[in-house]
Amino acid sequence: TVPGPAPSADAGRVVLVDFDSTRAGAQRARCTVTLERGGVRYSGTAEGADTLQGRAEAAAEAVLQGVGGMPGGASLGFEGARLVETEGRSYVLVAARVMDVRPALPLSGAAMMDRGPEEAAILAALQATNRWSTGDR
């Protein structure tokens, strides 16, 4: 088992309800993510450069803000999102840390980029946080 505060597994997994990716000024992008856990909705918003990389980073960071704002949620530190290509497919990898424990607990997730960098980054961030919060380690 992994030490540290984790949201109660009784509340269920965190699921994606919706996300909105828009321009936030010159060469900036904003992503707002709506999540649900145990019938309650939470959201997070983050900004990044209006590039594939920046949009993926904003989406992943928005997920971490939403999860961190849940009751019993921990302080989550966003480390980064990377677009990688292998075997003819594109993926987004997300790295984060649970900051409330010592040493900080690393979290990671990956998702194939089928429709766009935002959706893949959201799914990768959810994979990382759901593994931690539900004990699927």
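Right above here is the structure, for reference.
Note that the structure is a prediction, hence the values are computed from the model and not measured.

The rules behind these values
- Residues numbered from 1 in each chain as written.
- Predicted model: local features only at pLDDT ≥ 70, side-chain atom pairs only at ≥ 80, totals over all residues.
- Heavy atoms only, no water.
- Helix = DSSP H or I, 4+ residues; strand = E, 2+ residues; numbered from the N terminus.
- Buried < 20%, exposed > 50% of the residue type's maximum accessible area, 1.4 Å probe, protein only.
- Contact = heavy atoms within 4.5 Å.
- Areas by Shrake-Rupley, 256 points an atom, 1.4 Å probe, with all protein chains shown as cover.
- Pairing = 2+ DSSP bridges.
- Axes fitted to C-alpha atoms, helices over the stretch in contact; angles between N-to-C directions.

Student: Before we go on, may I ask you to explain the overall build of the chain in this structure?
Tutor: On a plain count of helices and strands, the chain comes out with two helices and six strands. Scanning the chain from its N terminus toward the C terminus, one meets helices and strands in the order β-β-β-α-β-β-β-α. Across the 137 residues that make up the chain, the buried fraction comes to 39%. Here the analysis covers contacts within the chain between residues at least 6 apart in sequence; of these, 42% occur between residues at least 24 apart. About 7,000 Å² of surface is accessible on the chain, with carbon and sulfur atoms providing 47% of the total.

Student: How should the sheet that holds strand β4 (residues 76-86) be read in this particular structure?
Tutor: Sheet strands pair by backbone hydrogen bonding; their relative direction is either parallel or antiparallel. Judged by pairing direction, the sheet is antiparallel, and its three strands sit side by side in the order β4-β5-β6 without closing on themselves. What marks the edges here is a single partner per strand, and that holds for β4 and β6 (105-112). Adjacent strand axes in the sheet meet at a mean angle of 20° when their direction is disregarded. Of the pairings in the sheet, the one linking strand β5 (residues 89-98) to β6 comprises eight bridges and is antiparallel in character. Looking across to β6, one finds that Arg97 is bridged to Pro106. Of the strands in this sheet, β4 and β5 are in contact with helix α1 (residues 52-68), which crosses β4 at around 140°.

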